[in-house]
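If you want the building blocks of each chain, they are given just below.
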Amino acid sequence: MRRAVALATESVAEGGGPFGALVVRNGEVVATGTNRVTAALDPTAHAEVRALRAACAELETVSLERCALIVSCEPCPMCLTAALWARVERVVYGADRHDAAAAGFDDAALHELFARRDDVEWPLSVERLDLPNSTEPFDAWRAAPDREEY
């Protein structure tokens with residue numbers, strides 16, 4: 001955790017956001033990430049996502065089973081979902097969402113939105129456009145003999 005906090009502090013000095021993350025497997029750091037949202041002009045460049053991407057590249061896999069994600073601050077819903085998709089075994093964080101909000105990083109509305117997803121109107125439209133061939137990519141996937149399951 002001390003390393004995640006140090007990464008987050010270094011990130012600020014380098015023009016990034018105050019968030020740091022590590023992916024650890026068997027007690028060894030596989031990869032790290034820092035927040036580069038504004039530096040990269042990429043709203044998905046959160047420390048956790050960048051660490052997960054780097055770990056997958058390092059381990060040459062999309063599954064981070066038996067890995068832990070250690071982060072300087074409680075993950076936002078996007079980052080927590082990314083950890084779930086990566087099959088991370090556990091997430092450990094330092095500061096919480098309230099500490100982040102006090103510094104101007106308030107994602108409470110996102111946490112609330114996901115917690116009440118059926119009871120609240122979303123701030124964006126999500127709709128299905130049903131086309132006759134909309135499942136064609138899945139048919140091609142199922143038929144591909146060299147596909148790699150994930």
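This is a predicted model, so every value here is computed, not measured. (Residues numbered from 1 in each chain as written. Predicted model: local features only at pLDDT ≥ 70, side-chain atom pairs only at ≥ 80, totals over all residues. Heavy atoms only, no water.)

## What to know about the overall build of the chain
Applied cut-off: We count a stretch as a helix when DSSP gives it H or I for four or more residues in a row; a strand needs E for two or more, and each element gets its number in order from the N terminus. Classification of residues uses two cut-offs on accessible area relative to the type maximum, computed with a 1.4 Å probe and protein chains only: under 20% is buried, over 50% is exposed, and between them is partly exposed. By definition, residues are in contact when any of their heavy atoms lie within 4.5 Å. For accessible areas, the Shrake-Rupley method is used with a probe of radius 1.4 Å. Any residue's cover is judged against the shown protein chains and nothing else.
Helices and strands together make up the secondary structure of the chain, namely seven helices and four strands. In the chain, the succession of α and β elements from N to C terminus is α-β-β-α-α-β-α-β-α-α-α. Projected onto the principal axes, the alpha-carbon positions of the chain cover approximately 50 × 40 × 25 Å. A buried classification covers 30% of the 150 residues belonging to the chain. Pairs at least 24 apart in sequence give 44% of the contacts found in the chain among residues at least 6 apart. With an accessible surface of roughly 10,300 Å², the chain has 53% of that area assigned to carbon and sulfur atoms.

## Let's talk about the pairing of strand β2 (residues 28-34)
Heads up, the condition is: Any two strands with at least two DSSP bridges between them are considered paired.
Here six bridges tie strand β1 (residues 20-25) to β2, and the two strands are oriented antiparallel to one another. Bridged to Gly20 within β2 is Thr34. Counted along the chain from β1 to the antiparallel partner β2, the turn is two residues long, and its residue Asn26 has a positive phi close to 55°.

## Details of unusual backbone geometry
Residue Asn26 is not a glycine yet carries a positive backbone phi of 55°. Mapping Asn26 onto the fold places it in the loop between β1 and β2. Even without glycine at this site, Leu41 takes up a positive phi of about 50°. The residue Leu41 is located in the loop between α2 (37-40) and α3 (47-59) in this model. The exposed category is assigned to Leu41, whose relative accessible area is 76%.

## Brief notes about the packing of aromatic side chains
The condition is simple: Pairing of aromatic rings covers Phe, Tyr and Trp, the last through its six-membered ring, and needs centres within 6.5 Å; plane angles under 30 degrees mean stacked, over 60 mean edge-to-face, and all others mean tilted.
What the rule picks out here adds up to one aromatic pair. On the basis of an interplanar angle of 90° and a centroid distance of 5.1 Å, the ring pair of Phe19 and Phe105 is categorised as edge-to-face. Here Phe19, found in the loop between α1 (2-13) and β1, pairs with Phe105, found in the loop between α5 (97-102) and α6 (108-115); they are 86 residues apart in sequence, far enough to count as distant. Residue classification places Phe19 among the buried positions, given a relative accessible area of 15%.

## Observations concerning the sheet that holds β1
In plain terms, the rule: Structural elements are reduced to axes, namely lines fitted to C-alpha atoms, with helices fitted over the stretch in contact, and the angle between N-to-C directions of any two is expressed from 0 to 180 degrees.
Strand order in the open sheet formed by four strands is β2-β1-β3-β4, with mixed pairing between adjacent strands. A strand with exactly one partner marks an edge of an open sheet, and here the two such strands are β2 and β4 (90-95). For this sheet, the mean inter-axis angle between neighbouring strands, taken without regard to orientation, is 20°. In this structure, strand β3 (residues 67-73) lies alongside β4, joined through five bridges in parallel fashion. Within the sheet, the bridge partner assigned to Ala68 lies in β4 and is Arg90.

## Thoughts on the nonpolar core
Filter applied, for reference: Only buried residues count toward a nonpolar core, which is a set of Ala, Val, Leu, Ile, Met, Phe, Trp, Tyr and Cys residues joined through side-chain atoms within 4.5 Å.
Ala21, Val23, Leu52, Ala55, Leu64, Leu69 and Val88 are the most contacted members of the largest nonpolar core, which totals 19 residues. Contributions of two or more residues to this core are made by β1, β2, α3 and β3. A per-element tally of this core places α3 first, with five residues. The contacts of Leu64, once residues within four sequence positions are left out, are Val23, Leu52, Ala55, Cys56, Leu59, Ala86, Arg87, Val88 and Glu89. The next biggest cluster of nonpolar side chains, apart from the first, holds six residues, and it includes Leu7, Leu22, Val24 and Ala68.

## What to know about the side chain of Thr34
By the element assignment, Thr34 lies in strand β2. Ignoring anything within four residues of it in the chain, the contact list for Thr34 reads Leu7, Ser11, Phe19, Ala45, His46, Ala47 and Arg50.

Shape is all these values report; function is a separate question.
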